[in-house]
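Observations on the three-dimensional arrangement
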Amino acid sequence: MQNKIFNNTEIAFKNKSFLDLLRAYLIFKIISFPVLVTIGKYVLLLLLKAKFPIKFLIKSSIFKQFCGGENEDECKKTIDNLRTSGIYSILDYSVEGLVSNKSFDNTVLRTLNLIKLNTSNNFPFIVFKPTAIGEFKLYEKVSSNKKLSNKEAIEWGSVINRFNLICESALKNNVSVLIDAEESWIQASVDEIFENLIVKYNSERTTVYNTVQAYRVDRLNYIKYLQNKFESKKVYIGIKLVRGAYMEKERERSYKLNYASPIHNSKNDTDVCFNDCINYMFEHINLFSIFIGTHNEESNALAIKNIKNHNVNIKDGKVWFSQLYGMSDHISYNLSFNGYRVAKYLPFGPVKDVIPYLLRRADENTSIEGQTSRELLLFKKEFKRRKSLL
Ligand SMILES: Cc1cc2nc3c(=O)[nH]c(=O)nc-3n(C[C@H](O)[C@H](O)[C@H](O)COP(=O)(O)OP(=O)(O)OC[C@H]3O[C@@H](n4cnc5c(N)ncnc54)[C@H](O)[C@@H]3O)c2cc1C
């Protein structure tokens, strides 16, 4: 299913100067070659290890393409720029590997500050990863129903408290909270927390959203389970629907530990599940608020079709579309131009600390070959269009 609204490159690249376009084109061109990505990653990590002064080079190239800045202030220009096209920003502190209680509390503080920054309503959402506010091993233990020691039980109480602090402040300040999804073997504990948060914070409006990864074989049933459990209660269920980003890791673990892979066997099966989840939630649109996180044109087109079929008012915030900053502008800008609610994930953080995030973007764009060539094709189309105006 295609939708021709995504082909308009004049709208898609309206905010991009010739140099911006050229930089984006060159970056996508380079990362379309897997060999170059592998060599580039190796060289980059070596140079960083040798403390070679390459910050400027990274900051003006791949960082500029995929990140808003090193801190909230530096993101301001990008946020304003996106807003001129009606697109909201979701500031995403993309520093990974935080593992102490101090860093978990810092994430909460940073998130609370971001919520309070929302005076001009430029950030309708804030986002965090569960493992940025609690220890991975603890989520894992709770997810596998193992008994916690006294010390662990106290720590788990602190984790739940951090979720509540964020949601409470979000509810007060009219912001919504997106809980990212990570590895499947920690998700059961997050799902359990989410059910409690729904009851506490989602009765007046959809304050909190959980993430569903459609590459998981059990997730359509999870959505049905939520619908059954909550349909008679006066609450809203917020779901951020994505395909899932940990496929290789999931498959490797299930192979190593000898259990059935939780991931669909093929891309097509994941696509079918994604579509089924969309269709099902739209059939129960009074209960669900849907946040669609995908760069896939067909998935976005299916959501548009559902919006029309179910007469959903695109201004009332029941349905949001989202892409990552620096990717699929043809989808974000054209959706926004046509009146849909759109928000870009805008990663930020010190250059050296967001390198893992940037490397994942490079890997992702190498592995989803079709999408990269689509971006390149659209850049070329826009160059041609602008040339014809000279
Ligand atoms: C706004 C936003 C928020 C996101 N938040 C999260 C998050 O919280 N957690 C998370 O895990 N990811 C998240 N992602 C990433 C997302 O899960 C996908 O990895 C990414 O968007 C690519 O999927 P797609 O639908 O955009 O594109 P597509 O190119 O249509 O799909 C690629 C995806 O299909 C699936 N896939 C590919 N090959 C196979 C195969 N052989 N078998 C089965 N499935 C396959 C994988 O999930 C792969 O990532 C987010 C993405 C966006 C845009």
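Residues numbered from 1 in each chain as written. Predicted model: local features only at pLDDT ≥ 70, side-chain atom pairs only at ≥ 80, totals over all residues. Heavy atoms only, no water.

Below, the discussion takes up the pattern of salt bridges. For side chains of opposite charge, pairing can occur when their charged atoms come near one another. Following the criterion strictly, the structure yields 26 salt bridges and no others. The shortest N-O distance in the salt bridge between R253 and E140 comes to 3.4 Å. One end of the pair, R253, is in helix α12 (residues 247-257); the other, E140, is in helix α8 (residues 136-143), and 113 residues separate them in sequence. (Salt bridge = Lys/Arg side-chain N within 4 Å of Asp/Glu carboxyl O. Helix = DSSP H or I, 4+ residues; strand = E, 2+ residues; numbered from the N terminus.)

What follows concerns the site of the ligand. Within the structure, the ligand sits among 27 residues, and K240, R243, G244, T294 and N296 are positioned closest to it. Contact distances for the ligand include 2.9 Å between an oxygen atom and a side-chain N or O atom of Q213. Within the side chain of T270, an N or O atom sits 2.7 Å from a nitrogen atom of the ligand. When isolated, the ligand has an accessible area of 940 Å², and the protein chains bury 88% of it. (Near = heavy atom within 4 Å. Polar contact = N/O pair within 3.5 Å; in protein donor to acceptor, adjacent residues only side chain to side chain. Areas by Shrake-Rupley, 256 points an atom, 1.4 Å probe, with all protein chains shown as cover.)

A surface patch of nonpolar side chains, amounting to about 510 Å² of accessible area, comprises V35, I39, Y42, V43 and L46. On the secondary structure map, L46 appears in helix α3 (residues 34-49). Judged by its relative accessible area of 47%, L46 falls in the partly exposed class. (Patch = residues over 30% accessible without salt bridge, like charges linked within 9 Å, V, L, I, M, F, W, Y side chains within 5 Å. Buried < 20%, exposed > 50% of the residue type's maximum accessible area, 1.4 Å probe, protein only.)

The next thing to look at is the packing of aromatic side chains. Overall, the coordinates contain 15 aromatic pairs when judged by the stated rule. Plain terms: the ring middles of Y25 and F383 are 6.0 Å apart, the flat faces sit at 80° to each other, and that makes the pair edge-to-face. Note that Y25 is positioned in helix α2 (residues 18-31) and F383 in helix α17 (residues 369-389), a separation of 358 residues in sequence. Neither residue differs from the other here; Y25 and F383 are each classed as buried. When the ring of F125 is compared with that of F291, the centres are 5.1 Å apart and the planes differ by 75°; the resulting orientation is edge-to-face. Of this pair, F125 sits in strand β2 (residues 125-128) while F291 sits in strand β6 (residues 288-293), and the two are 166 residues apart along the sequence. Relative accessible area serves as the criterion here: at 2%, F125 is assigned to the buried category. On the basis of relative accessible area, F291 is assigned to the buried category, the value being 0%. Counting every residue linked through ring pairs, the aromatic cluster contains Y88, F125, Y209, F291 and W320. If you follow R110 out to its NZ or CZ, it ends over the ring of Y93, 3.7 Å from the centre. Note that R219 overlies the ring of Y222, its terminal NZ or CZ placed 4.2 Å from the centroid. (Phe/Tyr/Trp six-rings, centres within 6.5 Å; stacked < 30°, edge-to-face > 60°. Lys NZ or Arg CZ within 6 Å of the ring centre and 35° of its normal.)

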